[in-house]
Amino acid sequence: MKPIMVVTAPVGTRSGYGAHSRDVCRSLIELDKYDVRIWPVRWGNTPQNALSEQNPHDVPIIQRLLKTPEVERQPEFHVHIVVPNEFQPLGKKNIGMTAGMETSIPLPQWVDATNRMDETIFTSKFSEHHFRVAEFDVEEKPGVVVKMNKPSSVLFEGVDTDVYKPVTKFSDEVNEVFSNVDENFGFLFVGHWLQGGLGQDRKDVGMLVKTFMETFNASQNVGLILKTSG
């Protein structure tokens, strides 16, 4: 009998965490060492339509989706793929997986939350390092320091070579976009341009455009191509 592994993650969402969750779940299923059960959770207001029964890569995930988070016994492993403040230790062994924060000073609550898990796996050396070295004094408790006390590691991120590969022919959509580019050199940005003024949108796309405009002028023949949504 294989040990039960419950994966709690936004596996059905069209989000960065959703894509990461699907990659992790596929790898765990293919490993064939655990009885993988998947509890799909929301990710804000992100659409829950990323999984398709027409996609053979999605079917093994769909087959393991739980209708409720309960299983017949305490799982041997619980893998929680969320932001750290949501980490919950539900298994005999608990692993948190997170991208952390895009800053060098993480929130004290997020650092402290990693101690609920037996190990936290980050998606970058940057996040893991800054969580690991962060220390915060607790004002109402003199002498108490909030820091990361549990083990941490970084997951090597691979690439799907069925999708990302050299090509000799571009799609009509790509050709149409590049037909409008006159510059000899270009930067390409792909991502969400969300709500907020300059310096306030979540991915700071507005500041990206501002920085580009201040760095290059028309005579330098450098272009910026934005593929955004949101």
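Below you will find a few notes about this structure. (Residues numbered from 1 in each chain as written. Predicted model: local features only at pLDDT ≥ 70, side-chain atom pairs only at ≥ 80, totals over all residues. Heavy atoms only, no water.)

### Let's talk about the overall build of the protein chain
What the protein chain contains, in helices and strands, is six helices and 10 strands. Along the longest, intermediate and shortest principal axes, the C-alpha atoms of the protein chain span 65 × 55 × 30 Å. Across the 230 residues of the protein chain, 33% fall into the buried class. In the protein chain, the share of contacts with a sequence separation of at least 24, taken over all contacts with a separation of at least 6, comes to 66%. For the protein chain, the accessible area works out to roughly 14,900 Å², and carbon and sulfur atoms hold 54% of it. (Helix = DSSP H or I, 4+ residues; strand = E, 2+ residues; numbered from the N terminus. Buried < 20%, exposed > 50% of the residue type's maximum accessible area, 1.4 Å probe, protein only. Contact = heavy atoms within 4.5 Å. Areas by Shrake-Rupley, 256 points an atom, 1.4 Å probe, with all protein chains shown as cover.)

### Describing the nonpolar core
With 33 residues, the main nonpolar core has Val7 and Ile81 as its most contacted residues. Sorting the residues of this core by element identifies strand S1 (4-9), helix H1 (16-31), strand S2 (35-40), strand S3 (77-81), strand S4 (93-98), helix H3 (108-113) and strand S5 (119-122) as the ones contributing at least two each. For this core, the leading source of residues is H1, giving five residues. In this structure, valine 7 is in contact with Cys25, Leu28, Val36, Arg37, Ile38, Trp39, Val79 and Ile81, ignoring residues within four places of it in sequence. (Core = buried A, V, L, I, M, F, W, Y, C linked by side-chain atoms within 4.5 Å.)

### As for a negative patch on the surface
A cluster of acidic residues, Glu135, Asp137, Glu139 and Glu140, forms a negative patch at the surface. Along the chain, glutamate 139 falls in the loop between strand S6 (135-137) and strand S7 (145-147). Glutamate 139 gets classed as exposed once you look at its relative accessible area, which sits at 78%. (Patch = residues over 30% accessible without salt bridge, like charges linked within 9 Å, V, L, I, M, F, W, Y side chains within 5 Å. Salt bridge = Lys/Arg side-chain N within 4 Å of Asp/Glu carboxyl O. Lys, Arg positive; Asp, Glu negative; His and termini not counted. Charge placed at Lys NZ, Arg CZ, Asp CG, Glu CD.)

### Focus on the sheet that holds S3
Sheet architecture is open: six strands sit in the order S2-S1-S3-S4-S5-S8, paired in parallel fashion. Among the strands making up the open sheet, the edge pair consists of S2 and strand S8 (152-154). In this sheet, adjacent strand axes meet at a mean angle of 20° when their direction is disregarded. Sitting on the sheet, helix H4 (residues 125-133) is in contact with S5 and S8, with an inclination near 165° to S8. (Pairing = 2+ DSSP bridges. Axes fitted to C-alpha atoms, helices over the stretch in contact; angles between N-to-C directions.)

### Structural notes on unusual backbone geometry
A positive phi angle, near 60°, is found at aspartate 32, a position not held by glycine. As for its position among the elements, aspartate 32 is in the loop between H1 and S2. For aspartate 204, which is not a glycine, the phi torsion comes out positive at approximately 60°. Here aspartate 204 lies in the loop between strand S9 (185-192) and helix H6 (205-215).

### Concerning the side chain of threonine 98
Among the secondary structure elements, threonine 98 is positioned in strand S4. The class of threonine 98 is buried, set by a relative accessible area of 1%. Polar contacts involving the side chain of threonine 98 include one to the main-chain amide nitrogen of glycine 100, which spans 3.0 Å. Contacts of threonine 98, omitting those with residues within four sequence positions, involve Tyr17, Val82, Val83, Pro84, Phe87, Thr120, Ile121, Phe122 and Thr123. (Polar contact = N/O pair within 3.5 Å; in protein donor to acceptor, adjacent residues only side chain to side chain.)

### Let's talk about the pattern of salt bridges
Enumeration according to the criterion identifies 10 salt bridges in this entry. The salt bridge partner of aspartate 23 is arginine 26, with a shortest N-O separation of 3.5 Å. Note that aspartate 23 and arginine 26 are positioned in helix H1 at a spacing of three residues, about one turn of the helix. Of the charged contacts in the structure, one is a salt bridge between aspartate 35 and arginine 37, with a shortest N-O distance of 2.8 Å. With a relative accessible area of 15%, arginine 37 lands in the buried category. Taken together, the shared-partner salt bridges in this structure form one network comprising Asp23, Arg26 and Asp58.

### Some points on H4
Restricting attention to buried positions, one finds in H4 the residues Ser127, Glu128, His130 and Phe131. If you follow the buried residues of H4, they end up packed against H3, S5 and S8.

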